[in-house]
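Listed here are the chains, written in short residue letters.
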Amino acid sequence: MRAIFYGLLGAFFFAFTFICNRSMDLGGGHWAWSACLRFFFMLPLLAAILGPRRLHQALAHLRAHILEYLVWSCVGFGLFYSLVCFASAHGEGWLVAATWQVTIIAGPLLVPFLYRDRDGRPARIPFAGMRWSLLILVGVALMQWENAGRVSFTAMLLCVLPLAAAAFAYPLGNRKMMWVCGDSVDTVQRVFNMTLASMPFWLLIALWGLAAQGLPAAGQVGQSALVGLFSGVLGTLLFFGATSRVRRSPERLAAVEATQSGEVIFALVGEVAVLGAPVPSPLSLAGMGLVCFGMIVHSLRSGK
């Protein structure tokens, strides 16, 4: 249950991503800068948290597994977040947060590619736990039903398709790096190493932003710093810490990943309060109820 709590708290901080990204897009900021600036700010913050001794240990592990870090960090951090920011430039915050919940079923669907049973065969997809994940997705769909009619088909595709790819990239990169790291490094060291290993990717994205728009505005830099602190550092450390606690149980791992559905509620409340989004309708509130019910049942089932 502690892992579930950490996952929900991480979802609260992750919600800052959707709110701030939408705000930066409305202010004219380019999605490429929104993507790379978050990780540029994360790197020194994480280094300061580690301190000299733990930083030296982290770098030693990075050097020993440099190829794995480069590949899976670019997938789990680079590909994931660049696609999220691209989608944010083509859809409202509610659409981005809701579509991102595909990651709830993406993690369980990846189980046969990541795990083996005692006979060495691919592990089975944990369908028993997925039914509650699907209930959460039904709740998300109800929350967004009335809003979907206001979005053009092109905007929907430019938002939904990148997010669907990002929803698989994030758990894939995270789970692969959990197995590479094991107990050799702690959560902060793992996040720092993944952030550092993804820097070549983010430098290319920064060049993209520079060519497309020039240097970012001061407002975009400030909001990216907030995203780096709240979502990049606090949210990621809480979520990665939660998944590390249950990494040996695919079903419990799926339950922790399902806590990300809380981002929809937190993001919706934030949009109403900060960006002046309309108050949810009764149908949307019913969807919120399904999301909360699904998370509670998922958590209780995982605890048993």
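Described in the following lines is the structure provided in the data block.

Conventions used here
Residues numbered from 1 in each chain as written. Predicted model: local features only at pLDDT ≥ 70, side-chain atom pairs only at ≥ 80, totals over all residues. Heavy atoms only, no water. Helix = DSSP H or I, 4+ residues; strand = E, 2+ residues; numbered from the N terminus. Rg over C-alpha atoms; globule rule 2.2 N^0.38 Å. Core = buried A, V, L, I, M, F, W, Y, C linked by side-chain atoms within 4.5 Å. Buried < 20%, exposed > 50% of the residue type's maximum accessible area, 1.4 Å probe, protein only. Contact = heavy atoms within 4.5 Å. Disulfide = S-S within 2.5 Å. Phe/Tyr/Trp six-rings, centres within 6.5 Å; stacked < 30°, edge-to-face > 60°. Polar contact = N/O pair within 3.5 Å; in protein donor to acceptor, adjacent residues only side chain to side chain. Axes fitted to C-alpha atoms, helices over the stretch in contact; angles between N-to-C directions. Parallel < 35°, antiparallel > 145°, perpendicular 65-115°, else oblique. Left-handed = near helix turned anticlockwise from the far one by under 90°.

1. Quick word on the overall build of the chain
Line of reasoning, step 1. The secondary structure content of the chain amounts to 14 helices and 0 strands.
Line of reasoning, step 2. The order of α-helices and β-strands along the chain, N terminus first, is α-α-α-α-α-α-α-α-α-α-α-α-α-α.
Line of reasoning, step 3. Taken over C-alpha atoms, the radius of gyration comes to 19 Å for the chain, in line with the 19 Å a tight globule of 304 residues would show.
Line of reasoning, step 4. Its C-alpha atoms give the chain principal-axis dimensions of about 50 × 50 × 30 Å.

2. Looking at the nonpolar core
Line of reasoning, step 1. One finds Leu46, Tyr69, Phe80, Tyr81, Val84, Trp100 and Trp202 to be the most contacted residues of the largest nonpolar core, which totals 67 residues.
Line of reasoning, step 2. The greatest single-element share of this core, amounting to 13 residues, is contributed by helix α2 (residues 31–64).
Line of reasoning, step 3. Once residues within four sequence positions are removed from consideration, Trp202 is found in contact with Ala35, Cys36, Phe39, Phe40, Phe77, Gly78, Tyr81 and Ser82.
Line of reasoning, step 4. Counting residues in hydrophobic clusters, the runner-up holds 11 residues, among them Ile104, Ile136, Ile265 and Val291.

3. Considering the state of the cysteines
Line of reasoning, step 1. Following the criterion strictly, the structure yields 0 disulfides and no others.
Line of reasoning, step 2. There is no disulfide at Cys159, and the cysteine sulfur nearest it, in Cys85, is 12 Å away.
Line of reasoning, step 3. In this structure Cys181 is not part of a disulfide, and its nearest cysteine sulfur, from Cys74, lies 15 Å away.

4. Concerning the side chain of Ser82
Line of reasoning, step 1. Looking at the element boundaries, Ser82 is found in helix α3 (residues 66–88).
Line of reasoning, step 2. The exposure class of Ser82 is buried, given its relative accessible area of 7%.
Line of reasoning, step 3. If sequence neighbours within four positions are ignored, Ser82 has contacts with Trp31, Ala35, Phe77, Phe201 and Trp202.

5. Details of the environment of Gly219
Line of reasoning, step 1. Of note, Gly219 is situated in helix α11 (residues 218–245).
Line of reasoning, step 2. By relative accessible area, Gly219 is classed as partly exposed at 43%.
Line of reasoning, step 3. Separated by 112 residues in sequence, Gly219 and Gly107 place their C-alpha atoms 35 Å apart.

6. Overview of the packing of aromatic side chains
How two aromatic rings sit relative to each other is set out by the distance from centre to centre and by the angle between their planes.
Line of reasoning, step 1. In total, this model carries 20 aromatic pairs according to the counting rule given.
Line of reasoning, step 2. Consider the rings of Phe14 and Phe239, whose centres lie 6.0 Å apart with planes at 70 degrees: the pair is edge-to-face. Here Phe14, found in helix α1 (residues 2–26), pairs with Phe239, found in helix α11; they are 225 residues apart in sequence, far enough to count as distant. The pair formed by Phe14 and Phe239 is uniform in burial state, with each residue classed as buried.
Line of reasoning, step 3. For the ring pair Tyr170 and Phe240, a centre distance of 6.1 Å and an interplane angle of 40 degrees mean the geometry is tilted. Residue Tyr170 is located in helix α8 (residues 153–181), and its partner Phe240 is located in helix α11; the two are separated by 70 residues in the primary sequence. By the burial criterion, Tyr170 is buried, and Phe240 matches it.

7. Focus on helix α9 (residues 187–197)
Line of reasoning, step 1. When you tally the buried positions in α9, you get 10 out of 11 residues, the bulk of the element.
Line of reasoning, step 2. Inspection of α9 places Thr187, Val188, Gln189, Arg190, Val191, Phe192, Asn193, Met194, Thr195 and Ala197 among the buried residues, and these make up the whole buried set.
Line of reasoning, step 3. Those residues of α9 that are buried lie in contact with α2, α3, α8, α10 (199–213) and α11.
Line of reasoning, step 4. Between a side-chain oxygen at the N-terminus of α9 and the backbone nitrogen of Val188 the separation is 3.2 Å; the capping residue is Asp186.

8. Quick notes on the packing of α9 against α11
Line of reasoning, step 1. The geometry of α9 relative to α11 is characterised by a closest axis approach of 9 Å and an angle of 120 degrees between their N-to-C directions. Taken together, α9 and α11 sit at an angle that is classed as oblique. Regarding α9 and α11, the two cross each other, and that crossing is right-handed. Here Thr187, Val188, Arg190, Val191 and Met194 of α9 lie close against α11, whose contacting residues are Thr236, Leu237, Phe240, Gly241, Thr243 and Ser244.

9. Brief notes about the environment of Val274
Line of reasoning, step 1. When you line up the elements, Val274 lands in helix α13 (residues 262–275).
Line of reasoning, step 2. Along the primary structure Val274 and Ser23 are separated by 251 residues, whereas in three dimensions their C-alpha atoms are 9.2 Å apart.

10. Details of the side chain of His30
Line of reasoning, step 1. Looking at the element boundaries, His30 is found in the loop between α1 and α2.
Line of reasoning, step 2. Using a relative accessible area of 17% as the deciding quantity, one classes His30 as buried.
Line of reasoning, step 3. A distance of 3.0 Å separates the side chain of His30 from the backbone nitrogen of Ala32, its partner in a polar contact.
Line of reasoning, step 4. Each residue touching His30, except ones within four places of it in the same chain, is listed here: Trp208, Gly209, Ala212, Gln213 and Gln220.

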